[in-house]
Amino acid sequence: MDVERVRRDFPIYSSRRGDIVYFDNACQTFRPRQVIEAANDYYFDFPACGGRSVHHLATQVSIKIDEAREKIAHFIGCANPNEIAFTKNCTEGLNLVAKGLRYKKGDAVLTTDMEHNSNHVPWLQLATSVGVKRKFVKTPSDGIFDLEAFKRALSKDVKIVSLVHTNNVTGTTIPAKEVVEIAHDHGALVMLDGAQAAPHMKIDVKGLGVDFYAFSMHKMLGPSGVGVLYAEEGAGKDIEPLITGGGGVSLTEYDSATYLPAPDRFEAGLMNYSGVIGSGAAVDYLSTIGMEEIRDHDTALNSFVTKRLMEIELIRILEPVDPRKRGSIMSFNVDGLGSHDVAMILDEMDKVMIRSGMHCTHPFFTSRGIDGCARASFYIYNTIVECERFVRAVSGLVDTFSM
Ligand SMILES: Cc1ncc(COP(=O)(O)O)c(C=O)c1O
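Residues numbered from 1 in each chain as written. Predicted model: local features only at pLDDT ≥ 70, side-chain atom pairs only at ≥ 80, totals over all residues. Heavy atoms only, no water.

### Quick word on the overall build of the protein
Right, so step 1: Looking only at helices and strands, the protein has 14 helices and 15 strands in total.
Right, so step 2: Relative to its length of 403 residues, the protein is compact, with a C-alpha radius of gyration of 22 Å against a globular reference of 22 Å.
Right, so step 3: C-alpha extents for the protein along the principal axes are approximately 75 × 55 × 35 Å.
Right, so step 4: Across the protein, every contact between residues at least 6 apart in sequence was considered, and the portion connecting residues at least 24 apart equals 70%.
Right, so step 5: Per element, the accessible surface of the protein, about 17600 Å² overall, is 53% carbon and sulfur.
Right, so step 6: On the protein, the mean spot of the 43 positive side-chain charges and the mean spot of the 52 negative ones are 3 Å from each other. (Helix = DSSP H or I, 4+ residues; strand = E, 2+ residues; numbered from the N terminus. Rg over C-alpha atoms; globule rule 2.2 N^0.38 Å. Contact = heavy atoms within 4.5 Å. Areas by Shrake-Rupley, 256 points an atom, 1.4 Å probe, with all protein chains shown as cover. Lys, Arg positive; Asp, Glu negative; His and termini not counted. Charge placed at Lys NZ, Arg CZ, Asp CG, Glu CD.)

### Section: the domain arrangement of the protein
Right, so step 1: Under the domain assignment used here, the protein contains domain 1 (3–24 + 290–401) and domain 2 (35–288).
Right, so step 2: A C-alpha centroid distance of 28 Å is found between domain 1 and domain 2.
Right, so step 3: For the pair domain 1 and domain 2, the two sides together bury roughly 2400 Å², of which 57% comes from carbon and sulfur.
Right, so step 4: Of all residues in domain 1, M291, E319 and Y379 give up the largest surface area on contact with domain 2, accounting jointly for 24% of the area buried on that side.
Right, so step 5: Where domain 1 packs against domain 2, one counts zero salt bridges.
Right, so step 6: Viewed at the interface, domain 2 and domain 1 are joined by 11 residue pairs in polar contact (both at pLDDT 80 or more).
Right, so step 7: A class-by-class count of the residues in the side of domain 1 that touches domain 2 yields 17 nonpolar, seven polar and eight charged. (Domains from an automatic or database assignment. Buried area = accessible area lost by both parts, 1.4 Å probe. Salt bridge = Lys/Arg side-chain N within 4 Å of Asp/Glu carboxyl O. Polar contact = N/O pair within 3.5 Å; in protein donor to acceptor, adjacent residues only side chain to side chain. Nonpolar A, V, L, I, M, F, W, Y, C, P; charged D, E, K, R; others polar.)

### Notes on the nonpolar core
Right, so step 1: Counting 73 residues, the largest nonpolar core has F150, V161, Y213, I380 and Y381 as its most contacted members.
Right, so step 2: Take this core: its biggest share by element is nine residues, from helix α10 (residues 273–289).
Right, so step 3: When residues of this core are sorted by domain, at least three fall in each of domain 1 (3–24 + 290–401) and domain 2 (35–288).
Right, so step 4: Membership of the second largest hydrophobic core comes to 28 residues, among which are V334, I354, C387 and L397. (Core = buried A, V, L, I, M, F, W, Y, C linked by side-chain atoms within 4.5 Å. Buried < 20%, exposed > 50% of the residue type's maximum accessible area, 1.4 Å probe, protein only.)

### Focus: the site of the ligand
Right, so step 1: Taken together, 13 residues surround the ligand, and among them T91, D193, Q196, S216 and K219 come closest.
Right, so step 2: In the model, an oxygen atom of the ligand is placed 3.3 Å from a nitrogen or oxygen of the C90 main chain.
Right, so step 3: Between a nitrogen atom of the ligand and a side-chain N or O atom of D193, the distance comes to 2.6 Å.
Right, so step 4: With the chains in place, 89% of the 390 Å² that the ligand exposes on its own is no longer accessible.
Right, so step 5: A per-class count over the shell around the ligand returns three nonpolar, eight polar and two charged. (Near = heavy atom within 4 Å.)

### Some remarks on helix α4 (residues 90–100)
Right, so step 1: A large share of α4 lies buried, amounting to nine of its 11 residues.
Right, so step 2: N-capping of α4 is provided by N89, with a side-chain oxygen placed 3.3 Å from the backbone N of T91.

### Digging into the packing of α4 against helix α5 (residues 121–129)
Right, so step 1: Here α4 crosses α5 at 20°, and the two axes come no closer than 9 Å. Comparing the axis directions of α4 and α5 gives the class roughly parallel. You can see that α4 and α5 cross each other, and the crossing is right-handed. Within the contact between the two elements, α4 uses N95, A98 and K99 and α5 uses P122, W123, Q125 and L126.
Right, so step 2: Looking at the contact of α4 with α5, its residues break down into four nonpolar, two polar and one charged. (Axes fitted to C-alpha atoms, helices over the stretch in contact; angles between N-to-C directions. Parallel < 35°, antiparallel > 145°, perpendicular 65-115°, else oblique. Left-handed = near helix turned anticlockwise from the far one by under 90°.)

### Considering the sheet that holds strand β11 (residues 315–317)
Right, so step 1: The strand order across the open sheet built from four strands is β11-β12-β15-β14, with neighbouring strands paired in antiparallel fashion. Only two strands of the sheet have a single partner each, and these edge strands are β11 and β14 (355–357). With direction set aside, neighbouring strand axes in the sheet form an average angle of 30°.
Right, so step 2: Sheet analysis places β14 next to strand β15 (residues 373–377), joined by three bridges and oriented antiparallel. (Pairing = 2+ DSSP bridges.)

### What to know about the pairing of strand β12 (residues 329–334)
Right, so step 1: The buried fraction of β12 amounts to six of the six residues, a majority that puts the element mostly inside the structure.
Right, so step 2: Bridge analysis of β11 against β12 gives three bridges, and the strand direction is antiparallel. For R316, the partnering residue across the bridge sits in β12 and is N333.

### Looking at the packing of aromatic side chains
Right, so step 1: If you walk through the whole model with that rule in mind, you get 16 aromatic pairs.
Right, so step 2: Taking 5.9 Å as the distance between ring centres and 55° as the angle between the ring planes, the aromatic pair formed by Y13 and Y381 counts as tilted. Highlighted residues: Y13 in the loop between α1 (3–8) and β1 (21–22) and Y381 in the loop between β15 and α14 (384–401), separated in sequence by 368 residues.
Right, so step 3: Taking relative accessible area as the criterion, Y13 reaches 14% and is therefore assigned buried.
Right, so step 4: Its relative accessible area of 0% is what places Y381 among the buried residues.
Right, so step 5: Taking the centre distance of 5.4 Å and the plane angle of 25° together, the rings of F30 and Y381 count as stacked. You can see F30 sitting in the loop between β1 and α2 (33–45) and its partner Y381 sitting in the loop between β15 and α14, a full 351 residues away along the chain. Assigned by exposure class, F30 and Y381 land together as buried.
Right, so step 6: Linked through ring pairs, F10, Y13, Y22, F30, Y285, Y379 and Y381 together constitute an aromatic cluster.
Right, so step 7: For R7, the ring lying beneath its charged end belongs to Y13, and the centroid distance is 3.9 Å. (Phe/Tyr/Trp six-rings, centres within 6.5 Å; stacked < 30°, edge-to-face > 60°. Lys NZ or Arg CZ within 6 Å of the ring centre and 35° of its normal.)

Structural data, given as structure tokens:
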């Protein structure tokens, strides 16, 4: 991958803010010119409402939305664009499924013990409001998903298995295909939280056989405010829409409403057209580079940084230590310093931006008695030179503050 060429597509690097190291990509990535232009085209050229009005501007919006839906379907290995619903983010997709399923007494959900709050809090709510039972797969201290523990936890009452595909703190990826097969053998549905997986690896929802797959476009070069929910046609039919209203129904009477088939039933209300169109451009951009290339690049940067940080005394890398098991994520702590202090000092002293705290994965930290961690996360425009600057900055910070 020609990183210098990639960087030229990202306006921030040629702006007055350009002298930065941005390693907060697991939170949100930068956007290339191609995405910004595609999103802006909507506002410049055809700023109308899709799907409802019949005039030619509206028709153009509808065509562009259909194109984006097809591109995203294709990007995740799905031939049927009607299985792709646009949401406002990954969180909404996870909520849509969790709250749209119909439960009977005794039904349970199985998650890991290290889910992002977006795949934890909706189930907490359902435990209180509907009595859905919670079951957890415990993660060993090496951070690697325990398939045997998963099998043991899969009791008959588990209606749905809802797991993080790639974890946002440890960077580990679960063996999704095996998980789906085992869960289906037990009669459970499977939803994957792909927020940290879809930006960094080739996703093939049909190959995985998963029922629901949710992710956010802003973590993969797309505009803010767009999420994607893949809902397999059969499984999606049983999901009640989370948001109801205009655009999601074929006909209403004073006392009844008939919902449209997916994806419209899940997309009531006027959509983020510009964002959806920009999302189509984002997957075009990623496809041109190639997801294998992206994965290799992330791993190369992570390996470089890991090796160098391991040489610094007082640095504790969150397990697993092997960078090949952590994709683009590098979580660590500096003995004696809080993670927010680490992040603020790196930014103030060296314009190196990382994330700190509990990363919306509170139970992971509280159950382990850790109050957070610093997290660097890499993407296509990051370079080895930036990694060197990051390592120098961390090393300088340790020297200064460990005295
Ligand atoms: C693993 C994981 N799941 C879910 C989310 C929620 O994504 P969003 O805030 O875009 O809905 C995130 C965001 O960081 C995440 O890392």
